[in-house]
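# Chain and residue survey
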Amino acid sequence: MNDEQLDEKTRNARKLKRNILIVFGAMIVFIIIAIPLLKLLDGGRSEDDPQERKTYAPAQAFFEEPDFDYDIMKDKEYLSLNRQVMVENSMTGVTEVMDEKNRYAFGEETAVIYDMLMLIIKGDYEDYDALFTKEYRKRNPESEPFTMQQLYDIHIMKMPGETITEKGNSYTAYVFRVDYKINKNNGTFRTDIGERESRTQVIIVVEQGGKMLINSIS
């Protein structure tokens, strides 16, 4: 074998080695790209696939078991929570504690909100229903029986009253924003909030038949 043939063989060997390295490198790049892509495609599988469809327990499953004979005033956990009723004047920003003795000091319309909260705590659904106007009852059925409710972190914000004129008669609509939480919520009164949750209710109180009554809750 002469020198020229030897050089040609060396060049061919180097070329083959270079081609092998190129192919090997391309395979590594393909693997690096393909693995995340496959994971992404697998993760994006349709929710219609029975094997991939997520299941969630119904909200009712997270409620406590209702016990109509249970006295919440003997529940040490509930008694340790903040059960004060706080009333805030939206105009002045002043917040005060409201209780059975001073509830009328905030106005008869505010006392109705306090009475409503106390009846919820007592589980007195019959007297609770009596706090509403006839118009409200036409729009909403009577309440289903509910147990004593462990209300806490109660906050009432009293908004400015609004004068409303209907059929030539004018009356004042008192607007309140009410927040509270229900410890060990069993869902017999409210199913829209869970443990340690609160959702503001806008409540409108009007005078009807010489009494302050609730005309709207939203």
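Here the structure is a predicted model, which is why all the values come from computation and not from measurement.

Per the secondary structure count, the protein chain includes 5 helices and 7 strands. Ordering the α and β elements of the protein chain from the N terminus gives α-α-β-β-α-α-α-β-β-β-β-β. The buried share of the protein chain, reckoned over its 218 residues, is 29%. Contacts spanning at least 24 positions in sequence make up 58% of the contacts within the protein chain whose residues lie at least 6 apart.

Here the focus is the pattern of salt bridges. Evaluated as defined, the whole model comprises 8 salt bridges. For the salt bridge of R103 with D115, the shortest nitrogen-to-oxygen distance reads 3.0 Å. Taken together, the positions of R103 in the loop between β2 (95-98) and α3 (108-122) and D115 in helix α3 put the pair 12 residues apart, joining distant regions of the chain. Taken together, the salt bridges that share partners define one network made up of D75, E77 and K184.

A separate point is the pairing of strand β3 (residues 150-158). Bridge analysis of strand β1 (residues 85-89) against β3 gives 5 bridges, and the strand direction is parallel. In the sheet register, V87 faces β3, and the bridge partner there is I156. Pairing between β3 and strand β5 (residues 169-183): 7 bridges, direction antiparallel. When the sheet's bridge partners are listed, Y152 is paired in β5 with K181.

About the thresholds
Residues numbered from 1 in each chain as written. Predicted model: local features only at pLDDT ≥ 70, side-chain atom pairs only at ≥ 80, totals over all residues. Heavy atoms only, no water. Helix = DSSP H or I, 4+ residues; strand = E, 2+ residues; numbered from the N terminus. Buried < 20%, exposed > 50% of the residue type's maximum accessible area, 1.4 Å probe, protein only. Contact = heavy atoms within 4.5 Å. Salt bridge = Lys/Arg side-chain N within 4 Å of Asp/Glu carboxyl O. Pairing = 2+ DSSP bridges.

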